[in-house]
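# What the coordinates show
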Amino acid sequence: QVQLVESGGGLVQPGGSLRLSCAVSGRFFSIYDMGWYRQALGKQRELVASITSGSITTYSDSVKGRFTISRDNAKNTVYLQMNSLKAEDTAVYYCKVVATTPLRYEYWGQGTQVSVSS
């Protein structure tokens, strides 16, 4: 069983910053790709950023230059530093990891709300 626990969401004013964390625990062999997705009200879930086990990163065009994804393999944790937040960043943010147990599966967190409003 693999569990993902997200934290760091909240309400912030436009231009502000938040840092999301996603800690992975349970029984697994290895963690491969880790990523953050978001789903705004009435919209489909979309990829925000991802990072491979070799620390290669990918960002959606809408967050490039503002968000930074990173991982701490010793802590089995992935982070999303979000700067210069905009109202359109408001969404529920989900963490996803690919892990082997030993079979390779995708695991999702429960989501954390990020609201950007003045």
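Now for a quick tour of the structure.

What counts, and where the lines are drawn
- Residues numbered from 1 in each chain as written.
- Predicted model: local features only at pLDDT ≥ 70, side-chain atom pairs only at ≥ 80, totals over all residues.
- Heavy atoms only, no water.
- Disulfide = S-S within 2.5 Å.
- Helix = DSSP H or I, 4+ residues; strand = E, 2+ residues; numbered from the N terminus.
- Phe/Tyr/Trp six-rings, centres within 6.5 Å; stacked < 30°, edge-to-face > 60°.
- Lys NZ or Arg CZ within 6 Å of the ring centre and 35° of its normal.
- Buried < 20%, exposed > 50% of the residue type's maximum accessible area, 1.4 Å probe, protein only.
- Pairing = 2+ DSSP bridges.
- Core = buried A, V, L, I, M, F, W, Y, C linked by side-chain atoms within 4.5 Å.
- Contact = heavy atoms within 4.5 Å.

### Describing the state of the cysteines
Here, the word disulfide means a covalent bond between the sulfur atoms of two cysteines. Within the structure shown, the criterion is met by one disulfide. Residue C22 pairs covalently with C95 via a disulfide, S to S 2.2 Å. Taking the torsion about the sulfur-sulfur bond, which here is approximately -80 degrees, the covalent link between C22 and C95 counts as left-handed. Here C22, found in strand β3 (residues 18-26), pairs with C95, found in strand β9 (residues 91-100); they are 73 residues apart in sequence, far enough to count as distant.

### Some details on the packing of aromatic side chains
The final tally for this structure, using the stated rule, is two aromatic pairs. The ring of W108 has R45 sitting right over it, with the charged end atom 4.7 Å from the ring centre.

### Considering the pairing of strand β8 (residues 77-82)
Burial analysis of β8 places five of its six residues in the buried class, the great majority of the element. Bridging between β3 and β8 involves six bridges; their strand directions are antiparallel. When the bridges of β8 are listed, A23 appears paired with T77. Pairing of strand β7 (residues 67-72) with β8, which is carried by six bridges, proceeds in the antiparallel orientation.

### Looking at the nonpolar core
Among the nonpolar cores identified, the biggest contains 30 residues, and W36, L80, M82 and Y93 are the most heavily contacted of them. Counting residues per element, the ones that place at least two in this core are β1 (2-7), β3, β4 (30-39), β5 (46-51), β7, β8, β9 and β11 (112-116). Per-element accounting of this core gives the leading share, five residues, to β9. Setting aside its immediate chain neighbours within four residues, M82 contacts G16, S17, L18, L20, R66, F67, Y93 and V114.

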